[in-house]
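A structural walkthrough
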Amino acid sequence: MFSFAVFLESFWPLFWAARYTLLISVLGIGLGLVIGTLICAARLSPYPPLRRFAAIWVSFLRGVPLLVQLLVFYYTLPVIGLDVPPMVAAVVTVGICASAYISEIWRGAIAALPKGQTEAAVAIGMNPRDVWTRVILPQAVTLSLPALINELILLVKASSLVSVVGILELTRASQAQAATTFRPLEVYIAAACIYLLINLCLAALGRYLEHRTAA
Amino acid sequence: MEWSILQQYGPSLLKGFGNTVLCWALGTVFGMALGLVIALIQRYAPRWVTWIVQAYIEVIRGTPFLVQLFVLYYGGPLVGLRLDALPAGLLGLTIYGSPYFAEIFRSGFRAVPLGQIEAARAIGMSELNIVRRILLPLGLVSALPALVNFSIILTKETVILSIITVPELLYQVQRMSAETFRYLEANLVLALFFWGLVEAISRVGHRMEARITKHLIERT
């Protein structure tokens, strides 16, 4: 039966291991933001080859399961002679995967801006760079904040998959814990509780931001 | 990649693909069914029941699918729930999908104009008939795009079942590459395969969607 003592005993060590889960997710979304912004810029650029490249990038990364992407990346690195720490490889894969979703979030936010804004900016004689940095981007960023928090929640959950390539984050730590204590039920439920805790906090943050930007 | 390998492992890959499709199809159907029940409970059950259901939705949506599978497959036997990998995977997929489907149905129901339901009530339709003749037909149409979208997402989740040894496509590919040492090629081909599959499904899905929702688009 479910033993509460075992649950509590495994909770704190796992809670400590969750810092890697957070690290991977936050670095992943950071990298995703950088690449995603570039991809979005390519998608909206006037050059067809760039646009096509961005479209393929997004379609591939959204069409292939993250687990398969991780495996491909994991087995490609040694072949092309790159010897990077597994943690770096995991963050890069997660970030690349996130970039596809983030570029679509940007695109959606930019498309949601009233067209009059750009027209007005052009009408008063702003140059294209100022139109982007002073009119479009500031509004698009505030508009897409809730969606980005949502993406971060998805990444926290997706980061459980990097356990498969041997990175010691929350899921991997709970596997090890379950193997030594022979109590998988309590250990995995403890892990689930920690994930839930993280995500509920993030969701609350998202609601707060949404509330603030809606005003 | 040498073709003889594909010949040798063809049957097991085919079987793996069959299992992937099976898991996806049944997981989607059962998940949708459970999601529909949850959405209807949310709408009609007393307050305290909806709280319990809401907690279920939050827990399932807030935890990774992989951890849910571990609880079910490795933790289940401790409370007497002993399942083989495939049924456990199916059950896991159903549970995982249900809250997402429930939210989709809920917003679909919300899109049904209140006047329609009031009119049905005014002419004396029973609540059951209102659900069957007004709420479901109208709500499902507006929920369709999101349903198609989430079903596509579920195809990608099926590969996670390989971690609890469900013999689906990724599991078979892993076994093949472990025996032939061709990890990169095998995984690359698998990635391309999934890309094609997801693209194809979404094309078909969107065409279907366009057909069913044709009457919603204003003619110009």
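Rules used in this analysis
- Going along each chain's sequence as written, the residues are numbered from 1 onward.
- Here chains are named by letter from A upward and ligands by number from 1 upward, in the order in which they appear as written.
- Since the coordinates come from a predicted model, pLDDT governs what is reported: local features require at least 70, and pairs of side-chain atoms require 80 or more to be given and counted, while whole-chain, interface and lining totals use all residues.
- The basis for every side-chain value is the complete set of heavy atoms in the structure, and neither hydrogens nor water enter the calculation.
- Strands are runs of DSSP state E lasting at least 2 residues, helices are runs of H or I lasting at least 4, and numbering of each runs from the N terminus.
- Relative accessibility under 20% of the residue-type maximum defines a buried residue, over 50% an exposed one, and the middle range a partly exposed one, all with a 1.4 Å probe and only protein chains included.
- Here, two residues are considered to be in contact whenever any of their heavy atoms come within 4.5 Å of each other.
- Using the Shrake-Rupley algorithm and a 1.4 Å probe, accessible areas are obtained, with residue cover drawn only from the displayed protein chains.
- By the counting scheme adopted, Arg and Lys are positive, Glu and Asp are negative, and His together with the chain ends is not counted.
- In this description, the location of a charge corresponds to atom NZ of lysine, CZ of arginine, CG of aspartate or CD of glutamate.
- Lines fitted to the C-alpha atoms define the axes, with helices restricted to the stretch that makes contact. Angles between their N-to-C directions range from 0 to 180 degrees.
- Roughly parallel refers to an angle under 35 degrees, roughly antiparallel to one over 145, roughly perpendicular to one between 65 and 115, and oblique to any angle outside these ranges.
- Classification convention: Asp, Glu, Lys, Arg as charged; Ala, Val, Leu, Ile, Met, Phe, Trp, Tyr, Cys, Pro as nonpolar; all other residues, Gly among them, as polar.
- Any residue with relative accessible area above 30% and no salt bridge may belong to a patch, with like charges joined within 9 Å and the nonpolar Val, Leu, Ile, Met, Phe, Trp and Tyr side chains within 5 Å.
- Here, a salt bridge means any side-chain nitrogen of Lys or Arg that lies within 4 Å of a carboxyl oxygen of Asp or Glu.
- When two parts are brought into contact, each loses some accessible area as probed by a 1.4 Å sphere; the total of that loss over both is the buried area.
- Throughout this description, a polar contact denotes any pair of N or O atoms lying within 3.5 Å of each other; where both atoms belong to protein, one of them has to be capable of donating a hydrogen while the other can accept it, and for residues adjacent in sequence the pair is counted only when both atoms sit in side chains.
- Each cavity reported here is a set of points on a 1 Å grid over the protein atoms alone in which a 1.4 Å probe fits but cannot get out, each pocket an open set with protein on both sides within 12 Å along at least five of seven lines, and each lining residue one with an atom within 4 Å of a point.
- Grid points are joined across faces, edges and corners, and a volume is the space filled by probe spheres set on the points.
- For a helix, the expected span equals 1.5 Å multiplied by the number of residues minus one.
- This arc corresponds to the set of directions leading from the helix axis out to the C-beta atoms.
- The pLDDT value expresses, per residue, how confident the predictor is, ranging between 0 and 100.
- Definition of nonpolar core: a set of buried residues of the types Ala, Val, Leu, Ile, Met, Phe, Trp, Tyr and Cys, connected through side-chain atoms within 4.5 Å.
- Two helices crossing with the near one rotated counterclockwise from the far one by less than a right angle form a left-handed crossing, whereas a clockwise rotation gives a right-handed crossing.

Remarks on the overall build of chain A
Scanning chain A from terminus to terminus reveals 8 helices and 0 strands. Reading the secondary structure of chain A in the N-to-C direction produces α-α-α-α-α-α-α-α. The principal-axis extents of the C-alpha atoms in chain A amount to approximately 70 × 50 × 25 Å. The buried share of chain A, taken over its 215 residues, is 46%. Long-range pairs, those at least 24 residues apart, make up 77% of the contacts in chain A between residues at least 6 apart in sequence. Per element, the accessible surface of chain A, about 10900 Å² overall, is 71% carbon and sulfur. Of the side chains in chain A, 14 bear a positive and 9 a negative charge, and the two mean positions are spaced by 8 Å.

Observations concerning the overall build of chain B
The secondary structure content of chain B amounts to 8 helices and 0 strands. Sequence-ordered secondary structure for chain B, helices as α and strands as β, is α-α-α-α-α-α-α-α. Each of the three principal axes of chain B carries a C-alpha extent, and together these read 70 × 55 × 25 Å. Of the contacts made within chain B by residues no fewer than 6 positions apart, 74% connect residues no fewer than 24 positions apart. For chain B, the exposed surface amounts to about 11600 Å²; the carbon and sulfur share of it is 65%.

Looking at the packing of helix α2 (residues 48-63) of chain A against helix α8 (residues 183-212) of chain B
Running from N to C, α2(A) and α8(B) cross one another at 100°; their axes reach a closest spacing of 8 Å. Classified by the angle their axes make, α2(A) and α8(B) are roughly perpendicular. In this structure, α2(A) contributes A:I56, A:S59, A:F60 and A:G63 to the contact, and α8(B) contributes B:A191, B:L192, B:F194, B:W195, B:V198 and B:E199. Residue classes in the contact of α2(A) with α8(B) are distributed as 7 nonpolar, 2 polar and 1 charged.

Digging into a nonpolar patch on the surface
The grouping of A:V79, A:I80, A:L82, A:V84 and A:V88 at the surface amounts to a nonpolar patch, some 420 Å² of accessible area in total. Mapped onto the secondary structure, A:V79 falls in helix α3 (residues 66-79).

With respect to the interface of chain A and chain B
With 35 residues of chain A at the contact, the number on the chain B side is 34 residues. Summing the contributions of chain A and of chain B, the shared interface buries around 2900 Å²; its carbon and sulfur component is 79%. Summed over the shared surface of chain A and chain B, the number is 0 salt bridges. For the interface between chain A and chain B, the tally reads 7 residue pairs in polar contact (both at pLDDT 80 or more). Elements represented by at least two residues in the side of chain A that touches chain B include exactly α2, α3, α7 (170-181) and α8 (184-214) of chain A. In terms of residues, the side of chain A that touches chain B owes the most to one element, α8(A), which gives 11 residues. Residues belonging to the side of chain A that touches chain B are distributed by class as follows: 23 nonpolar, 8 polar and 4 charged.

Digging into the layout of surface pockets
When its volume is computed, the second largest pocket comes out at roughly 310 Å³. Elements represented by at least two residues in the lining of the second largest pocket include exactly α8 of chain A together with α2 (47-62), α3 (65-75) and α4 (85-110) of chain B. Of the residues in the lining of the second largest pocket, the class split is 11 nonpolar, 3 polar and no charged.

What about unusual backbone geometry?
In the Ramachandran plot, A:F182 falls in the positive-phi region, its phi being about 60° despite a non-glycine side chain. The exposed category is assigned to A:F182, whose relative accessible area is 67%. Positioned with a positive phi, B:T165 is a non-glycine residue whose angle comes to about 65°. Relative to the elements of secondary structure, B:T165 occurs in the loop between α6 (127-157) and α7 (169-180).

Quick word on α7(B)
All names here are of chain B. An ideal rise of 1.5 Å per residue puts 16 Å on 12 residues; α7 measures up with 16 Å between its terminal C-alpha atoms. Of the positions making up α7, those classed as buried are L169, L170, Q172, V173, M176, S177 and T180. Each buried residue of α7 sits inside an arc of 160° when the element is viewed along its axis, so together they form one side. Phi turns positive, to about 60°, at F181, one or two residues after α7.

Some remarks on the confidence of the model for chain B
Caution applies to low-pLDDT regions: their predicted coordinates should not be interpreted in detail. Of all residues in chain B, 97% have pLDDT values of 70 or greater, and the mean over the chain is 88. Scored by ipTM, the complex comes to 0.87, with pTM at 0.88.

With respect to empty space enclosed by the protein
Residue and element names in this part refer to chain A. The tally for this structure, following the rule as stated, stands at 1 cavity of 30 Å³ or more. Here the largest cavity defines a volume of roughly 40 Å³. Forming the walls of the largest cavity are L70, F73, Y74, P86, A89, A90, T93 and V165. Of all the secondary structure elements, the ones that give two or more residues to the lining of the largest cavity are α3 and α4 (86-112).

Here's the deal with the nonpolar core
With 98 residues, the main nonpolar core has A:L14, A:V68, A:L161 and B:I160 as its most contacted residues. Every residue in contact with B:I160, bar those within four places of it in the chain, is listed here: A:L67, A:L161, B:F65, B:L66 and B:L69. Counting 8 residues, the second largest nonpolar core, distinct from the first, contains A:I39, A:A54, A:L61 and A:I96.

Remarks on the packing of α4(B) against α6(B)
All names here are of chain B. As a packed pair, α4 and α6 sit with axes 8 Å apart at the nearest point and diverge in direction by 145°. Note that α4 runs across α6; the crossing there is right-handed. Contacts between α4 and α6 pair L93, Y96, G97, Y100, F101, I104, F105, G108 and F109 from the former with L135, L136, G139, L140, S142, A143, A146, L147, F150, S151, L154 and E157 from the latter. Residues of the contact of α4 with α6, tallied by class, amount to 15 nonpolar, 5 polar and 1 charged.

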